[in-house]
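Topology and contacts: notes
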Amino acid sequence: MSRARCHLRAALFLAAVSPRGATTGVAARRGLSAWPAPREPGMEYQDAVRTLNTLQTNANYLEQVKRQRGDPQTQLEAMELYLARSGLQVEDLDQLNIIHITGTKGKGSTCAFTERILRNYGLKTGFFSSPHLVQVRERIRINGQPISPELFTKHFWHLYNRLEETKGDSSCVSMPGYFRFLTLMAFHVFLQEKVDLAVMEVGIGGAYDCTNIIRKPVVCGVSSLGIDHTGLLGETMEKIAWQKGGIFKCGVPAFTVLQPDGPLAVLRDRAQQISCPLYLCPPLEALEEGGPPLTLGLEGEHQQSNAALALQLARCWLQRKDHQGIGELKVSRPSLLGQLPLAPVFQPTSHMQHGLRDTEWLGRTQLLRRGPLTWYLDGAHTTGSMQACVRWFRQALHRRERPGSGSEVRVLLFNSTGDRDSAALLKLLQPCQFDYAVFCPNLTEMSSVDNADQQNFTVTLDQVLLRCLTHQQHWSHLREEQASPDLWSTPSPEPGGPTSLLVVPHPPHSTSSLVFSCISHALQWISQGRDPVFQLPSPPRGLLAHPVASSGAIILQEAAAIHVLVTGSLHLVGGVLKLLEPSLSQ
């Protein structure tokens, strides 16, 4: 048995493993088997989700899109076929008043701000987003709340059975992929529930995305752009901007936040080619002039651009629907940036102000304070969003109340998936001066049989554990690169704040990192039974088998305050939330 495979087995049975000797080139042989797919109506929610999980995986779907990237029309035609088989035509979607939002980072937060603002006007809202954190029904919301398990189950089996009945000859692919299926289901739910409007988040890209089957959105938005999904969208910001601009429609107004010159010019040209009026959002400060300061329900400076975009989208929707109370216009001025006209500068109404303040979007710049533990949750997974996450985390630490006595410990819980550059993300996290770095797969428990919402059939268990070992190796290498004789005696200060003391000085050649086999084991080690909500009967056998785990456990038990940043993957954040907030699973 190879040394790397020995490490994997150690991760399974001892929970914590050493980074030394790990080899990531070993082929993974163990797969996670799919649950049999029942097809009878009236099944329970978990049965519906298990059947959903047997559909074509997102990873396979992305590979298919890459092969067909030269002809996005093929993607839309396939979606139209699935829509027709489900009992709807594209024309039926014209009945929905849709706000269509794309971007690389912040598009989900923008959707959440927009939906909350419009709900404050007494409108019945639909909201489609991805991915989910705890339960898949979070992806389809009515009035801000995930649809009920009963409603999800009802619509799932109706759609699933309809597609089965209409699959025709064997040459026709019987079922759409996971994301396509949920997109179809969202359309059916919104139409049946007769929502006044639907906020829809683009999955990946724009031109190739299955949500782009929408022909007549009321308004479109583009949040901040960055490098992500390069295999699908392209390797440059300009190529990615071209993809994102694929949601623009003739005569339909669109808004974008400030982008770098190159991508902004691409968005402008994309819009001009199809006669789409594109506007540049003024900064949030411009809307605050002469009025009360705007309070955002989501923390972090980067949320200001998302809120500014949401205000424009909401106001445009209200204006096009002849709604009263859309905000008093201020003096506007033309924009010279990218030769785009500046969007209206207006005074946000009380409905808008309260909507921004009351917005909730779990797993994004979210804090949970539990006794001596403070959990900082942010699903940042691109370089741009990770930079914003680091700024938020360090600023939050600077504002914290320091214990009168005793030590403070900083812990990083990290994972990254897909083709993302984890080494680059981990390098951005170095200034946070973590005492321990913990890595684990996006598996809540070792067995996911009883938790269909968290099942993932796109990877094997060996693959995800090997990737965690790679993360650990990257972290160790970064620590060694930054080591210096006086590194641990004089820690660097926080921005604008006093010097922070590292609890455990480690010599430059050692590492303070661990790999656990699942999120539950990682949280048990980090919390040491001190989180009043996350309490398990007893730790798994061998949890403290590794020397770093055993010595670190004593430090964590005695620390006056423990600050834990969970980041790198929204799926990781979702698994953590499932354990820390059990009510989200009910």
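Residues numbered from 1 in each chain as written. Predicted model: local features only at pLDDT ≥ 70, side-chain atom pairs only at ≥ 80, totals over all residues. Heavy atoms only, no water.

The name given to the protein chain in an unreviewed UniProt entry is Folylpolyglutamate synthase, with Vicugna pacos as the source organism. What the UniProt record of the protein chain gives under Function (unreviewed entry) is the line "Catalyzes conversion of folates to polyglutamate derivatives allowing concentration of folate compounds in the cell and the intracellular retention of these cofactors, which are important substrates for most of the folate-dependent enzymes that are involved in one-carbon transfer reactions involved in purine, pyrimidine and amino acid synthesis." Per UniProt, the protein chain has the following entry under Sequence similarities (unreviewed entry): "Belongs to the folylpolyglutamate synthase family." (UniProt positions renumbered as here; feature names shortened; annotations may be inferred.)

Regarding the UniProt feature "binding site: ATP" (unreviewed entry) in the protein chain
UniProt feature "binding site: ATP" (unreviewed entry): in the numbering of this structure it lies at Arg364 and Asp378. Lining the second largest pocket, from this annotated set, are Arg364. Within the fold, Arg364 resides in the loop between helix 14 (350-358) and strand 11 (366-370). Excluding residues that lie within four positions of it along the chain, Arg364 makes contacts with Ser109, Leu133, Leu377, Asp378 and Leu570. Within the structure, the side chain of Arg364 is placed 2.7 Å from the backbone oxygen of Leu362, a separation counted as a polar contact. Positionally, Asp378 belongs in the loop between strand 12 (373-377) and helix 15 (383-399). The class for Asp378 is buried, based on a relative accessible area of 7%. Discounting chain neighbours no more than four positions away, the residues touching Asp378 are Gly363, Arg364, Thr365, Cys389, Trp392, Val566, Thr567, Gly568 and Val573. (1 Å grid on protein atoms, 1.4 Å probe; cavity = no way out; pocket = protein on both sides within 12 Å on 5 of 7 lines; lining within 4 Å. Helix = DSSP H or I, 4+ residues; strand = E, 2+ residues; numbered from the N terminus. Contact = heavy atoms within 4.5 Å. Polar contact = N/O pair within 3.5 Å; in protein donor to acceptor, adjacent residues only side chain to side chain. Buried < 20%, exposed > 50% of the residue type's maximum accessible area, 1.4 Å probe, protein only.)

Considering the environment of His100
Mapping His100 onto the fold places it in strand 1 (residues 98-102). Every residue in contact with His100, bar those within four places of it in the chain, is listed here: Met200, Val202, Thr211, Asn212, Ile214, Pro217, Val219, Cys220, Gly221 and Ile247. There is a polar contact of 2.9 Å between the side chain of His100 and the side chain of Thr211.

Here we look at the layout of surface pockets
Sizing a probe to match a water molecule and rolling it over the atoms shows the empty space that remains. For the second largest pocket, the calculated volume is near 530 Å³. If you trace the second largest pocket, you find 27 residues lining it, with Arg141, Gly144, Pro146, Glu360 and Leu362 closest to the centre. Where the lining of the second largest pocket is concerned, the elements lending two or more residues are helix 6 (107-119) and strand 4 (145-146). If one sorts the elements of the lining of the second largest pocket by residue count, helix 6 sits on top with 4 residues. Here the residues of the lining of the second largest pocket sort into 10 nonpolar, 8 polar and 9 charged. (Points joined across faces, edges and corners; volume = space filled by probe spheres on them. Nonpolar A, V, L, I, M, F, W, Y, C, P; charged D, E, K, R; others polar.)

Some points on helix 7 (residues 149-165)
The terminal C-alpha atoms of helix 7 lie 24 Å apart, and with 17 residues this matches the ideal 24 Å at 1.5 Å per residue to within 8%. Residues of helix 7 that are buried include every one of Leu151, Phe152, Thr153, His155, Phe156, Trp157, Leu159, Tyr160, Asn161, Leu163 and Glu164, and no others. (Expected span 1.5 Å × (residues − 1).)

So, the UniProt feature "binding site: Mg(2+)" (unreviewed entry) in the protein chain
UniProt annotation of "binding site: Mg(2+)" (unreviewed entry) refers to Ser130, Glu201 and His229 when read in the numbering used here. You can see Ser130 is positioned in the loop between strand 2 (125-128) and strand 3 (140-142).

So, the pattern of salt bridges
Under the defined criterion, the tally for this structure stands at 13 salt bridges. Of the charged contacts, one joins Arg119 and Glu115 as a salt bridge, the two residues approaching to 2.7 Å between their closest N and O atoms. Linking Arg119 with Glu115, this pair stays in helix 6, spanning 4 residues, or about one helical turn. Here Glu115 falls in the buried class, since its relative accessible area comes to 3%. One network of salt bridges, in which partners are shared, links Arg116, Arg357 and Asp358. (Salt bridge = Lys/Arg side-chain N within 4 Å of Asp/Glu carboxyl O.)

Remarks on the sheet that holds strand 15 (residues 513-515)
Read from one edge of the open sheet, 6 strands run 11-12-16-13-14-15, paired in mixed fashion. Lying at the two open borders of the sheet, with one neighbouring strand each, are strand 11 and strand 15. Strand after strand, the sheet turns through a mean of 20° between neighbouring axes, direction not considered. Direction of pairing for strand 12 relative to strand 16 (residues 561-567): parallel, over a ladder of 5 bridges. Paired with Tyr376 across the bridge in strand 16 is Leu565. Packing against the sheet, helix 15 makes contact with strand 11, strand 12, strand 13 (408-414) and strand 16, and its axis sits at approximately 165° to strand 16. Contacting strand 13, strand 14 (436-439) and strand 15, helix 17 (residues 461-482) crosses the sheet at an angle of about 175° to strand 15. (Pairing = 2+ DSSP bridges. Axes fitted to C-alpha atoms, helices over the stretch in contact; angles between N-to-C directions.)

So, the side chain of Ser224
Within the fold, Ser224 resides in the loop between strand 6 (219-222) and helix 9 (230-233). Other than its neighbours up to four places away in sequence, Ser224 contacts Gly103, Thr104, Lys105, Val257, Gln259 and Ser305.

As for the packing of aromatic side chains
Going through the model one piece at a time under the given rule, you end up with 17 aromatic pairs. On the numbers, 5.1 Å between centres and 50° between planes, the contact of Phe156 with Phe181 is tilted. Separated by 25 residues along the polypeptide, Phe156 in helix 7 and Phe181 in helix 8 (residues 178-193) bring together distant segments of the chain. Accessibility classification places Phe156 together with Phe181 in one group, the buried group. Between the aromatic rings of Phe414 and Phe439, the centroid separation amounts to 6.2 Å while the plane-to-plane angle is 85°, which identifies the pairing as edge-to-face. (Phe/Tyr/Trp six-rings, centres within 6.5 Å; stacked < 30°, edge-to-face > 60°.)

Some words on the sheet that holds strand 6
Read across the open sheet, the 8 strands follow the order 4-3-2-5-1-6-7-8; overall the sheet is mixed. Strands at the two margins of the open sheet, each flanked by one partner only, are strand 4 and strand 8 (278-280).

A few points about the pairing of strand 5 (residues 197-201)
Burial analysis of strand 5 places 5 of its 5 residues in the buried class, which makes it a mostly covered element. With burial as the criterion, each face of strand 5 is covered, one bearing Leu197, Val199 and Glu201 and the other bearing Ala198 and Met200.

With respect to the nonpolar core
Counting 43 residues, the largest nonpolar core has Leu52, Phe152, Phe156, Phe181, Met185, Phe187 and Phe190 as the members making the most contacts within it. For this core, the elements supplying multiple residues, two or more each, are helix 2 (45-53), helix 4 (72-85), helix 5 (90-93), strand 3, helix 7, helix 8 and strand 5. The dominant element in this core, judged by the number of residues it contributes, is helix 8, at 11 residues. Not counting the four nearest positions on each side in its chain, Phe181 is found in contact with Leu52, Leu55, Phe156, Leu159, Tyr160, Leu163 and Pro176. (Core = buried A, V, L, I, M, F, W, Y, C linked by side-chain atoms within 4.5 Å.)

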